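# Notes for the structure review
The primary structure of each chain is shown beneath.
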Amino acid sequence: MTLSYPERLSLGHFPTPLEPMPRLSAELGGPELWVKRDDQTGLATGGNKTRKLEFQLAEAIAEGADHLITLGGPQSNHCRQTAAAAAKLGLSCTVVLRGPPPDAWRGNLLLDALLGAEIVFACSREREAVAAELVAARRAAGGRPYMIPLGASTPLGALGFVAAMEELLAQCRERNVTFDRIVLASSSAGTQAGLVLGARLFGYDGRILGISIDAERRDMEDRILAIAREAAQLLRSDVTIDPARVEANADYLGRGYSVVGATERVGIGLPARTEGLLLDPVYTGRAMGSLIDLIAKGQFDEGEKILFWHTGGAAALSAFAGDLTPLDS
Ligand SMILES: *Cc1c(COP(=O)(O)O)cnc(C)c1O
């Protein structure tokens, strides 16, 4: 089926590689594991936000924006990719980060600064309120700011992952491989929403399991479903999304968002030592650690093929050095 997507910019390197992980699979002794390398999207160390920004920023350009404003955590991969996209497009950019300024500028925060973004710390205030004020002030001064919501998880941004599903299925045909299941880290939900809609549109029959990073299961599934449905409307598609196809697991929230524990240390350590593959402390390390635990608990069938969707984030590793050594304790 050929869909007519809205306007889209080219900001990254696509298709991203699809690779088997034989040594990690053997180490775990369960399903055959593969990885989709969206950590290699090419935009200032890459990540999943690049796909969303290709659609979201096409709208910004069409509206004549001269400045991008977005928000995130202090180690936001989304803010870093937005800052990089702004630089590439010749726009200025402000990122509003949660909390006070940290002691040292490491990881994504360092990259935000190098990429030329203005960095505003929300301190004790809500990031959304601070960002809304900045938008209003720029507008009042005659500027044309464009606000990108958290994680670019708008229905428009999610179309990046509808296209990603189309890309994956073409690779699967070429490589003659099919996956029973896709596992990914879900937070603001646009990534999984796009994949779920793409699966429906392009006929992927496997299951898609989001490991929730920061929300209870029902909340996460509701978010995914809502974005997927609105994204379908943007494509003027009348497909329906079956709620049963929207699956999140919220058993691995640990001690909260961005708090590194045993799950993350194992999730980062094993793929690093067996595949030379770097995951991140907040999202993919938690999702991989969860997948490893689910495999150990016998949740998957022996012959199953599982695709781990690597959404990026390794740029944050250096900011978590103290939490990550020793890796498998
Ligand atoms: C943002 C992010 C996610 C979560 O994607 P959502 O679309 O917000 O659910 C996962 N992994 C990494 C590395 C991210 O930066």
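This section reports on the structure supplied with the text. All of these numbers come straight from a predicted model, not from anything done at the bench.

### Structural notes on the site of the ligand
Taken together, 17 residues surround the ligand, and among them Lys49, Lys52, Ser188, Thr191 and Thr311 come closest. Take asparagine 48: an N or O atom from its side chain is 3.1 Å from an oxygen atom of the ligand. Alanine 189 is positioned with one of its backbone polar atoms (N or O) 2.9 Å from an oxygen atom of the ligand. When the ligand sits alone it has 380 Å² of accessible area, and the protein chains cover 98% of it.

### Let's talk about unusual backbone geometry
Along the chain, phenylalanine 14 connects to proline 15 via a cis peptide bond; the corresponding omega equals 0 degrees. Here proline 15 lies in the segment before β1 (18-20). Its identity is not glycine, yet alanine 152 carries a phi of approximately 50 degrees, on the positive side. Under the relative-accessibility criterion, alanine 152 is labelled buried at 0%. Positive phi is not limited to glycine here, since serine 258 has a value of about 70 degrees. Take serine 258: it is sitting in the loop between β9 (247-249) and α9 (262-275).

### What about the pairing of strand β8 (residues 207-212)?
Taking burial as the measure, the 6 residues of β8 include 5 buried ones, the bulk of the element. Both strand β7 (residues 181-186) and β8 contribute to a ladder of 6 bridges, which runs parallel. The partner of valine 183 across the bridge, within β8, is leucine 209. For the crossover from β8 across helix α8 (residues 217-234) to β9, the handedness is right-handed.

### Description of the packing of aromatic side chains
Scanning the model with the defined rule gives 5 aromatic pairs in all. Relative to phenylalanine 55, the ring of tyrosine 5 lies with its centre 5.7 Å away and its plane at 45 degrees, an arrangement referred to as tilted. Highlighted residues: tyrosine 5 in the segment before β1 and phenylalanine 55 in helix α2 (residues 49-62), separated in sequence by 50 residues. Classification of tyrosine 5 by relative accessible area gives partly exposed; the value is 23%. By relative accessible area, phenylalanine 55 is classed as buried at 1%. An angle of 70 degrees between the planes, with centres 5.6 Å apart, marks the rings of tryptophan 34 and phenylalanine 179 as edge-to-face. Separated by 145 residues along the polypeptide, tryptophan 34 in strand β2 (residues 32-37) and phenylalanine 179 in the loop between α6 (155-175) and β7 bring together distant segments of the chain. Each member of the pair, tryptophan 34 as well as phenylalanine 179, carries the same accessibility label: buried. Sitting over the ring of tyrosine 283, lysine 49 keeps its end group 5.7 Å from the ring centre. Above the plane of the ring of phenylalanine 161 lies arginine 51, whose end atom (NZ or CZ) is 5.7 Å from the centre.

### A closer look at the pattern of salt bridges
Scanning all chains against the criterion turns up 13 salt bridges. Between glutamate 247 and arginine 207 there is a salt bridge; the shortest N-O distance is 2.8 Å. Taken together, the residues glutamate 247 in strand β9 and arginine 207 in strand β8 connect sequence positions 40 residues apart. Taking relative accessible area as the criterion, glutamate 247 reaches 15% and is therefore assigned buried. Residue classification places arginine 207 among the partly exposed positions, given a relative accessible area of 39%. The salt bridge involving glutamate 264 is made with arginine 286; its shortest N-O contact spans 2.6 Å. Here glutamate 264, found in helix α9, pairs with arginine 286, found in helix α10 (residues 284-296); they are 22 residues apart in sequence, far enough to count as distant.

### Thoughts on the sheet that holds strand β6 (residues 145-148)
Spatially, 4 strands are ordered β5-β4-β3-β6 in an open sheet, and the strand pairing comes out parallel. Looking along the sheet, the strands with just one partner apiece sit at the ends: β5 (118-121) and β6. In this sheet, adjacent strand axes meet at a mean angle of 20 degrees when their direction is disregarded. The pairing of strand β4 (residues 92-97) with β5 spans 4 bridges and is classified as parallel. Across the sheet, the residue bridging to threonine 94 is glutamate 118, located in β5. In the packing of helix α3 (residues 77-89) onto the sheet, contacts are made with β3 (67-72), β4 and β6, and the angle to β3 comes to roughly 170 degrees. Packed onto the sheet, helix α4 (residues 107-114) meets β4 and β5 and runs at close to 135 degrees relative to β5.

Parameters and conventions
Once a new chain begins, its residue numbering starts again from 1 and follows that chain's sequence as written. Per-residue local features are limited, in this predicted model, to residues with pLDDT of at least 70; the limit for side-chain atom pairs, both in listing and counting, is 80 or more; totals at the level of whole chains, interfaces and linings are taken over all residues. Side-chain metrics rest on all non-hydrogen atoms present in the structure, leaving aside hydrogens and water. A single heavy atom is enough: if one lies within 4 Å of a molecule or strand, its residue is considered near that molecule or strand. Throughout this description, a polar contact denotes any pair of N or O atoms lying within 3.5 Å of each other; where both atoms belong to protein, one of them has to be capable of donating a hydrogen while the other can accept it, and for residues adjacent in sequence the pair is counted only when both atoms sit in side chains. Surface accessibility follows the Shrake-Rupley procedure with a 1.4 Å probe radius. Residue values consider only the protein chains on display as shielding. Numbering of helices and strands starts at the N terminus; helices are DSSP runs of H or I of at least 4 residues and strands are runs of E of at least 2. When a residue's accessible area, from a 1.4 Å probe over protein chains only, is under 20% of the maximum for its type it is buried; when over 50% it is exposed; and in between it is partly exposed. By the convention used here, strands pair only if DSSP detects at least 2 bridges between them. Looking down the strands as they point away from the viewer, one classifies a crossover as right-handed if the path from the first strand across the helix to the second runs clockwise. Here is the rule: rings of Phe, Tyr and Trp (six-membered ring for Trp) pair when centre to centre is within 6.5 Å. Planes less than 30 degrees apart are stacked, more than 60 are edge-to-face, and the remainder are tilted. When the NZ atom of lysine or the CZ atom of arginine is within 6 Å of a ring's centre and also within 35 degrees of its normal, the charge is said to sit over that ring. Take a side-chain nitrogen of Lys or Arg and a carboxyl oxygen of Asp or Glu: if they are within 4 Å of each other, that pair is a salt bridge. All axes are obtained by fitting lines to C-alpha atoms, using only the stretch in contact for helices, and the reported angles, taken between N-to-C directions, cover 0 to 180 degrees. Between two residues, a contact is recorded if the distance between any of their heavy atoms is within 4.5 Å.

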